[in-house]
Amino acid sequence: MRHRLPAAALAMTAALLLTGCGSDSGSGSAAELSVKGAYIPQPVSDTMAAGFLTVVNGGGTKDRLTSVTSAAARSVTLHETVGSSMEEVASLTVPAHGQLVFKSGGNHLMFEMLKRKPVQGETVTVELHFAASDPVEVEIPVESATYNPKTGH
Ligand code: CU
């Protein structure tokens, strides 16, 4: 009877250690944000443009994109496409170990009251603001009006 107690205690300790380890490597690490694939198709309008990019989160905690600012436009808003119409949203989630994707026909950044029309070959600097992470500055290249990120033309 006596010699069985330490064995049981040991098994319990091992189980606790495993649980502790699992939760540390899971949701414990902070969000690690980076941006890829950013572009603005040269707009038709002088005052409005749409922008696209992907926010990548390499960390184990989700975050939220809460606003976008740019010296090039007086207003930058987050838009979601619902069916065939678009809606402004206050924030968008960047999932843990996931991506927040802005793409043609889906989520997009809406630049309004541009100081002047962005022309292909230029870049537009924006700052992405998040609920928890530090702001991320992105230089978004202006591409042709019909640019397709899959073909690069
Ligand atoms: Cu829109």
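This section reports on the structure supplied with the text. (Residues numbered from 1 in each chain as written. Predicted model: local features only at pLDDT ≥ 70, side-chain atom pairs only at ≥ 80, totals over all residues. Heavy atoms only, no water.)

### Quick word on the overall build of the protein chain
Convention followed: Runs of H or I in DSSP of at least four residues are treated as helices and runs of E of at least two as strands, each being numbered from the N terminus. Throughout, exposure labels follow a simple rule: accessible area from a 1.4 Å probe, protein chains only, divided by the maximum for the residue type, with under 20% read as buried, over 50% as exposed, and the rest as partly exposed. Contacts are assigned to residue pairs that have any heavy atoms within 4.5 Å of one another. The Shrake-Rupley method, run with a 1.4 Å probe, gives the accessible areas here. Residue values count only the displayed protein chains as cover.
Helix and strand counts for the protein chain come out as one helix and ten strands. Element order for the protein chain, N to C, with α for helix and β for strand: α-β-β-β-β-β-β-β-β-β-β. Each of the 153 residues in the protein chain was classed as buried or not, and the buried ones make up 33%. Residue pairs at least 24 apart in sequence account for 69% of intrachain contacts in the protein chain once pairs closer than 6 positions are excluded. Entry remark: accessible area of the protein chain is about 9300 Å², with carbon and sulfur atoms responsible for 57%.

### Details of the coordination of the copper ion
Filter applied, for reference: As a rule, N, O and S atoms within 2.8 Å of a metal are its donors, except that Na, K and Ca use 3.2 Å; water is not among the atoms, so sites may look incomplete.
Binding of the copper ion to the protein goes through His 79 (ND1), Met 86 (SD) and His 108 (NE2), at separations of 2.0 to 2.1 Å. Spacing between the donor residues of the copper ion along the chain follows H-x6-M-x21-H. One end of the pair, His 79, is in strand β4 (residues 73-82); the other, His 108, is in strand β8 (residues 108-114), and 29 residues separate them in sequence. By the burial criterion, His 79 is buried, and His 108 matches it.

### Notes on the layout of surface pockets
Applicable threshold: Cavities and pockets were defined on a 1 Å grid built over protein atoms only: a cavity is a set of grid points that admits a 1.4 Å probe from which the probe cannot escape, a pocket is an open set flanked by protein on both sides within 12 Å along at least five of seven lines, and lining residues are those with an atom within 4 Å of any such point. Grid points are joined across faces, edges and corners, and a volume is the space filled by probe spheres set on the points.
Considered as a void within the structure, the largest pocket measures approximately 220 Å³ in volume. Together, Lys 36, Gly 37, Tyr 39, Phe 52, Leu 53, Thr 54, Val 101, Phe 102, Lys 103, Ser 104, Pro 149 and Lys 150 line the largest pocket. For the lining of the largest pocket, the elements supplying multiple residues, two or more each, are β1 (33-41) and β2 (49-57).

### Considerations on the pattern of salt bridges
What counts here: Salt bridges are identified by distance alone: a Lys or Arg side-chain nitrogen within 4 Å of an Asp or Glu carboxyl oxygen.
All told, the structure shown has one salt bridge when counted by the stated rule. The closest approach of N and O atoms between Glu 122 and Arg 116, which form a salt bridge, is 3.2 Å. Under the relative-accessibility criterion, Glu 122 is labelled partly exposed at 25%.

### Some remarks on the pairing of strand β3 (residues 63-70)
For the record, the criterion: Strand pairing is defined by DSSP finding a minimum of two bridges between the two strands.
Pairing geometry for β3 and strand β6 (residues 92-94), over three bridges, is antiparallel. Bridged to Asp 63 within β6 is Val 94. Inspection of the sheet shows β3 paired to strand β9 (residues 123-130) by five bridges, in the antiparallel sense. Paired with Thr 69 across the strands is Glu 127, a residue of β9.

### Section: the nonpolar core
In a soluble, globular protein the nonpolar side chains are often hidden away together inside. Put simply, the rule reads: Residues grouped as a nonpolar core are buried Ala, Val, Leu, Ile, Met, Phe, Trp, Tyr and Cys residues, joined through side-chain atoms within 4.5 Å.
Counting residues in hydrophobic clusters, the biggest one holds 27 residues, and the most contacted among them are Phe 111 and Leu 128. Elements represented by at least two residues in this core include exactly β1, β2, β3, β4, β6, β8, β9 and β10 (136-143). The contact partners of Phe 111, leaving out residues within four places of it in the chain, are Ile 40, Thr 47, Met 48, Ala 49, Ala 50, Gly 51, Ser 70, Ala 73, Ser 75, Val 76, Val 124 and Val 126.

### Quick word on the environment of Met 110
Residue position: Met 110 is located in strand β8. Linking Met 110 and Glu 88, residues 22 residues apart in sequence, is a C-alpha distance of 9.0 Å.

### Section: unusual backbone geometry
Positioned with a positive phi, His 97 is a non-glycine residue whose angle comes to about 50°. Its place among the elements puts His 97 in the loop between β6 and β7 (99-101). Residue class for His 97 comes out exposed when judged on its relative accessible area of 56%. For Met 113, which is not a glycine, the phi torsion comes out positive at approximately 55°. By relative accessible area, which is 45% here, Met 113 ends up partly exposed.

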